[in-house]
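# Residue-level structure breakdown
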Amino acid sequence: MIRDITIGQYYPVDSVLHRLDPRTKLFGTMMFIISLFLASNIWGYLAATVFLAAAIRASKVPFGFMVRGLKAILFLLLLSVSFNLFLTDGREIFRLGFLRITIEGLRMAGFMAVRLIYLVVGSSIMTLTTTPNQLTDGLEKSLGFLKKVGVPVHEISMMMSIALRFIPILVEETDKIMKAQMARGADFESGGLIQKAKSMVPLLVPLFISAFRRATDLAMAMEARCYHGGEGRTKMKPLRYAGRDYRTYLVYAFYMAVIIGTRFLPGI
Amino acid sequence: MGIIKASRLIFDYIRRDEEENIEEIDRAIDGLSVDVEKGTFVAILGHNGSGKSTLAKQINGILTPTEGTVWVCGMDTSDESKIWEIRKRTGMVFQNPDNQIIANVVEEDVGFGPENIGVPTEDIWTRVNESLEAVGMTAYRYKSPNKLSGGQKQRVAIAGVMAMRPECIVLDEPTAMLDPNGRREVIRTVRKLNRQEGITVLLITHYMEEAVQADRVIVMDDGKIVMDGTPREIFSRVDELKSYRLDVPQVTELAYELRKAGVNLPEGILSQEELLESLVPLLQAAV
Amino acid sequence: MSIRVEHLTFIYNQGTALEQRALDDVSFEIPNGQFVGLIGHTGSGKSTLIQHLNGLIRPTSGTIFYDGTDIYSEGYSLRQLRSKVGLVFQYPEHQLFEVDVFSDVCYGPKNLGLSQEEIKSRAEDALRSVGMKEKYWDQSPFELSGGQKRRVAIAGVLAMNPEVLILDEPTAGLDPRGRDEILDEIKSLHEEKGMTIILVSHSMEDMARYASRLIVMNHGKKAFDGTPKEVFEHYKELEAMGLAAPQVTYIAHELRERGIPVDKDITTVEEARDAILRLLGK
């Protein structure tokens, strides 16, 4: 079900990760993603696994909850795995018609799958432990230097935070409209590609209309509460680095050292 | 002059075609004058399209008059330099609870207004704490708004408005999308803010039971005020209310029907207790 | 055309920490042509229940017989069922999508694969039966008023020619005029076309006026099932469930408690008036 999308959702518990400064978490997520591409063998991935497992534990978010978010990328995952599996040249170990699997392909596919899964889980740890408002604040502050060259940093980050807030609402709405059209005999499953695309119209039109209506309403509500851009705004939760943030950056440094170190180890 | 005053207010919704020519003019408010005393609880009734929502939006300058003037706390809403000051003093709560909550955590949403008007961080926290307490939502402060019931969401919206320390709150059909329990929660909260904090309340509603609790009831039709008085005065005119396609609470209707049949009851009965008080002696005498 | 619900149980997120029993061993039968009111506070399971009735949800256990056939049995066409059991969701105007009113109402019958003439005549009938005048048929549904939009959406379900019509709070958010118009149209569908109606509403006053039978849901279980008069006699239990009886029922009970022999099964203003006048000898 579409309800299962967990990317972008906040999981309200109190944990070390929840209390970290969003900038620390943003940086950590970016660093983790880079590390996934730096890892060149099993040891690198092992290090990433340990790091990720530690982060999951520290977040206090149930593991099952996080894994559910993977369903959303299942298709992408299968696609990239099969591309790597069948299209990599190398020592052939299996052949069926024009399909062939090589050892290199197997390795690439495996790493690709791990990389994708870790990427999604890693980023969802950030969103699960950071409220969209904090995330916005973090982005706004980290990218604040762009304001000088005319990038509307505050507006962009506000936009993102609102988008995140409305994801679950629109997902639920999609579910409802879908059921309502099914009650009018709609069929979203059968038929060819064109047929399927056509059958989406009764779903997408109401969804867009609803999104626009909500946007208008929200804009009015925000203005009524004196929102007038980033100028002159104060913060309820201003960002301040605490001791734990500095310690976390230290952990990052060690982790990156390990990841780079593993590149020199022999392994598959 | 009261906290809110409108004088010969006219508002037109103007629809234009692609060449900016006027295609259609829809007069939503038609020469309306009203004066609201500070601290009163006013209920505004009227069917859809009677202009009551348009009036609400005039009060904090979301819309400004086509003709005539609206003053809020002595400030003319057409004066653009005063717009933020006016919005600070008059909070608005809208119908759809989902479309007015901005943040993903209750307390952050309540802090949104004070942040916008540049309140120092420490004061924001004080205001958020006080506002959450005032609407009884302190226990939910770390929750996601999506996990709350409709009535709770509206209370968060009210807290968000309260954190701006307004003098007046305008609620545009805040209970229309709620179930009976949610409706009761919201109205109880609004009443408490009115009685305890002295906030002026303008409540736009379809539910007559809610209007019964107000100090003053205004009925709108066709962009004009057609009835204006205390709930007792208004609800004693059952036929007139029905002519504006409005309802009356069942008790009021029953009392009215009995009076019409010649039973000696006082006019404008609003509550079950009032009805019983007058009816029981009559019945006891008869049985 | 009866609906028989047998031991229906539905559990959300079974096997996880978020497990929730939305329906718990619910059984009842609705004979053809009844006007049933379904009440219960938010989260009592009534929305889940009505989605089962036209096969949008599969139960965890238990089953539903429509016209004697198990709707979850193999080979049973749920699409056929959905044309016989029409379901109008809450705020149904949010499902409108076509360029004009008429095409939108045609969507349902078109999905049934009917002939062009049949689709047209059904849409016309449906729009007429909800009181939408012909001058609106070519208009965009998004330009209509709230009450009109809702009527178009209801027509969209009626055009499926259902034998049973389920409506989830069809009057939510409407003003008293819009509310009365919609309820009167539903009533005439019941009376003139003999349609079975299942109405979900929070208004006990409306229930007392329109329904001939009430089913009360509480925590996923069926709590009461009977005529409005029978059900509202349990007003104290209803209150404990976060519900209430019509205001006049309370007045009748208060009067009885003070020794005045007024009928205890009063649920409408007219009944209360007549009973009191009778006692007063007028």
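Source: prediction; values computed, not measured.

Right, let's get into the overall build of chain A. Across its full length, chain A holds 11 helices and two strands. When the helices and strands of chain A are placed in sequence order, the string is α-α-α-α-α-β-β-α-α-α-α-α-α. Projected onto its principal axes, the C-alpha positions of chain A cover 65 × 60 × 40 Å. Evaluated residue by residue, chain A yields a buried proportion of 29% over its 268 residues. Excluding contacts between residues fewer than 6 apart, the proportion of contacts in chain A whose partners are at least 24 apart in sequence is 76%.

Let us look at the interface of chain A and chain B. Much of the literature gives interface size as the accessible area that the parts lose upon coming together. Taken together, the contact between chain A and chain B spans 28 residues of the former and 35 residues of the latter. Of all the secondary-structure elements, those providing two or more residues to the side of chain A that touches chain B are helix H7 (132-142), helix H8 (153-183) and helix H10 (201-224) of chain A. For the side of chain A that touches chain B, the element with the highest residue contribution is H10(A), accounting for eight residues. Its residues assigned to classes, the side of chain A that touches chain B comprises 16 nonpolar, five polar and seven charged.

This paragraph deals with the sheet that holds strand S7 (residues 164-168) of chain C. Sheets are built from strands paired through backbone hydrogen bonds, the pairs being either parallel or antiparallel. All names here are of chain C. Across the sheet, which stays open at both edges, the six strands sit in the order S6-S7-S8-S3-S9-S10 with mixed pairing between neighbours. Strand pairing shows two members of the sheet lacking a second neighbour, strand S6 (85-88) and strand S10 (221-226), which therefore form its edges. Between one strand axis and the next, the sheet turns through 15° on average, direction left out of account. With four bridges connecting them, S6 and S7 associate as parallel partners. Residue valine 88 lies in a different strand from S7, and its bridge partner there is leucine 167.

This next bit is on the packing of helix H3 (residues 106-116) of chain B against helix H4 (residues 121-134) of chain B. All names here are of chain B. At a closest axis distance of 9 Å, the pairing of H3 and H4 adopts a crossing angle of 125°. Considering their axes alone, H3 and H4 lie oblique with respect to each other. The handedness of the crossing between H3 and H4 comes out as right-handed. Of H4, the residues touching H3 (which contributes Glu107, Val110, Gly111, Pro114 and Glu115) are Ile124, Arg127, Val128, Ser131 and Leu132.

Attention shifts here to the interface of chain A and chain C. Counting from both sides, the interface comprises 17 residues of chain A and, opposite them, 22 residues of chain C. Elements with a minimum of two residues in the side of chain A that touches chain C: H8 and H10 of chain A. With seven residues, H8(A) is the single largest residue contributor to the side of chain A that touches chain C. Here the side of chain A that touches chain C is built from residues that sort into 10 nonpolar, four polar and three charged.

It is worth spelling out H3(B) at this point. All names here are of chain B. For H3, the buried fraction is high: 11 of the 11 residues fall into the buried class. Within the sequence span of H3, burial applies to Val106, Glu107, Glu108, Asp109, Val110, Gly111, Phe112, Gly113, Pro114, Glu115 and Asn116. Positioned one or two residues after H3, glycine 118 has a phi angle of 75°, which is positive.

Residue and element names in this part refer to chain B. Spatial ordering of the open sheet is given by S2-S1-S4-S5, a layout of four strands whose pairing is antiparallel. A single partner strand is all that each edge strand has here, and the edge strands are strand S2 (22-36) and strand S5 (75-76). Summarising the sheet, strand S1 (residues 4-16) and strand S4 (residues 67-72) pair through five bridges and their orientation is antiparallel. If you follow serine 7 over to S4, its bridge partner there is threonine 69. Across the sheet, helix H1 (residues 52-59) lies against S1, S2 and S4, angled at about 115° from S1, the strand it touches most.

What follows deals with the environment of Phe89(C). Relative to the helices and strands, Phe89(C) resides in the loop between S6 and helix H3 (101-111). For the pair Phe89(C) and Ile166(C), spaced 77 residues apart in the sequence, the C-alpha separation amounts to 8.4 Å. When neighbours within four sequence positions are excluded, Phe89(C) is seen to be in contact with Lys176(A), Ala180(A) and Asp168(C).

Residues and elements named next belong to chain B. Taken domain by domain, chain B holds domain 1 (38-65 + 74-247) and domain 2 (249-287). Here the C-alpha centroids of domain 1 and domain 2 sit 33 Å apart. Contact with domain 1, which involves nine residues of that partner, is made by seven residues of domain 2. Secondary structure elements with two or more residues in the side of domain 1 that touches domain 2: helix H7 (208-211) and helix H8 (231-235). At four residues, H8 tops the list of elements feeding residues into the side of domain 1 that touches domain 2. Here the side of domain 1 that touches domain 2 is composed, by residue class, of five nonpolar, one polar and three charged.

On to helix H3 (residues 42-59) of chain A, then. Residues and elements named next belong to chain A. For H3, with 18 residues, the first-to-last C-alpha span of 25 Å sits near the 26 Å given by 1.5 Å per residue. By the burial criterion, the buried members of H3 are Gly44, Tyr45, Ala47, Ala48, Phe51, Ala55, Ile56 and Ser59. In this structure, the buried side of H3 is in contact with helix H1 (16-19), helix H2 (22-38), helix H4 (63-68), helix H6 (103-129) and helix H11 (243-262). Immediately beyond the C-terminal end of H3, within one or two residues, lies lysine 60, with a positive phi of roughly 65°.

Cut-offs applied
- Residues numbered from 1 in each chain as written.
- Chains lettered and ligands numbered in written order.
- Predicted model: local features only at pLDDT ≥ 70, side-chain atom pairs only at ≥ 80, totals over all residues.
- Helix = DSSP H or I, 4+ residues; strand = E, 2+ residues; numbered from the N terminus.
- Buried ≥ 20, exposed ≤ 12 C-beta atoms within 10 Å, placed from the backbone.
- Contact = placed C-beta atoms within 7 Å.
- Nonpolar A, V, L, I, M, F, W, Y, C, P; charged D, E, K, R; others polar.
- Pairing = 2+ DSSP bridges.
- Axes fitted to C-alpha atoms, helices over the stretch in contact; angles between N-to-C directions.
- Parallel < 35°, antiparallel > 145°, perpendicular 65-115°, else oblique.
- Left-handed = near helix turned anticlockwise from the far one by under 90°.
- Domains from an automatic or database assignment.
- Expected span 1.5 Å × (residues − 1).

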